[in-house]
Amino acid sequence: MTATIERGSATAPVTSPAKASQPSTPKKTGGFLGSSNGKKVVMAVTGAIMVGFLALHMLGNLKIFLGNDSFNEYAHALRTLGEPLVPYRTVLTVLEAILLISVVLHMWAAISWPAARAGRGR
């Protein structure tokens, strides 16, 4: 013998799964550079630029041990890098700007990194 169970009306409207809204998670603004991984990439790239500058700068300064003429030729070569295609000292100025931007971005990434904030007690 089978029993039939009658069901009452639903107390809340039922929506199909396709229409059900997904709970939204708050997204951080700022895109890739606002994320922790983006800041790590900025730190790595700018750090590599600064280490490269340090190595090249050290090698250039070692020219002083070869004598004044050698060092002066090296300094002149830096200033005339790219001539006659580019004006005097242009390439050196661009390299200095890249180094300055790298230092600023490196500091920004270090200060704004979430792990740094947690370490400072924020």
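Residues numbered from 1 in each chain as written. Predicted model: local features only at pLDDT ≥ 70, side-chain atom pairs only at ≥ 80, totals over all residues. Heavy atoms only, no water.

### Here's the deal with the overall build of the chain
A count of helical and extended segments in the chain gives five helices and zero strands. Along the chain, helices (α) and strands (β) appear in the sequence α-α-α-α-α when read from the amino end. Residues classed as buried in the chain amount to 12% of the 122 residues present. A total accessible area of about 10200 Å² is found for the chain, and carbon and sulfur atoms account for 67% of it. (Helix = DSSP H or I, 4+ residues; strand = E, 2+ residues; numbered from the N terminus. Buried < 20%, exposed > 50% of the residue type's maximum accessible area, 1.4 Å probe, protein only. Areas by Shrake-Rupley, 256 points an atom, 1.4 Å probe, with all protein chains shown as cover.)

### Here's the deal with the layout of surface pockets
Counted as a void, the largest pocket has a volume near 570 Å³. Every residue lining the largest pocket is counted, 19 residues in all, and those nearest its centre are F53, Y74, L78, L92 and L95. Of all the secondary structure elements, the ones that give two or more residues to the lining of the largest pocket are α2 (36-61), α3 (68-79) and α4 (90-112). Counting residues per element, the lining of the largest pocket draws most heavily on α2, at eight residues. (1 Å grid on protein atoms, 1.4 Å probe; cavity = no way out; pocket = protein on both sides within 12 Å on 5 of 7 lines; lining within 4 Å. Points joined across faces, edges and corners; volume = space filled by probe spheres on them.)

### A closer look at the environment of G38
For G38, the position within the fold is in helix α2. Separated by 71 residues in the primary sequence, G38 and A109 place their C-alpha atoms 8.8 Å from one another. Setting aside anything within four residues of it in sequence, one finds G38 in contact with F32 and L33. (Contact = heavy atoms within 4.5 Å.)

### What about the packing of aromatic side chains?
Overall, the coordinates contain one aromatic pair when judged by the stated rule. Relative to Y74, the ring of F71 lies with its centre 6.4 Å away and its plane at 50°, an arrangement referred to as tilted. Linking F71 with Y74, this pair stays in helix α3, spanning three residues, or about one helical turn. Judged by relative accessible area, which is 25%, F71 ranks as partly exposed. (Phe/Tyr/Trp six-rings, centres within 6.5 Å; stacked < 30°, edge-to-face > 60°.)

### Some thoughts on unusual backbone geometry
Of note, the amide linkage connecting E83 to P84 takes the cis form, showing an omega dihedral of 5°. Its location among the elements puts P84 in the loop between α3 and α4. Of note in the backbone geometry, R89 takes a positive phi value of approximately 70° without being a glycine. Looking at the secondary structure, you find R89 in the loop between α3 and α4.

### Some remarks on α2
Here α2 is 26 residues long and its end C-alpha atoms lie 37 Å apart, about the 38 Å a rise of 1.5 Å per residue gives. Taken together, the buried positions of α2 are G38, K39, V42, M43, T46, G47 and G60. Considering only its buried residues, α2 is in contact with α1 (31-34), α3 and α4. (Expected span 1.5 Å × (residues − 1).)

### Digging into the pattern of salt bridges
Counted by the stated rule, this structure contains one salt bridge. Residue E96 pairs with R89 through a salt bridge whose shortest N-O separation is 3.2 Å. Judged by its relative accessible area of 30%, R89 falls in the partly exposed class. (Salt bridge = Lys/Arg side-chain N within 4 Å of Asp/Glu carboxyl O.)

### Things to note about the confidence of the model for the chain
Residues with a pLDDT of 70 or more make up 69% of the chain, whose mean pLDDT is 83. Across the chain, α4 holds the top mean pLDDT of 95, while helix α5 (residues 114-119) sits lowest at 62. (pLDDT = per-residue confidence, 0-100.)

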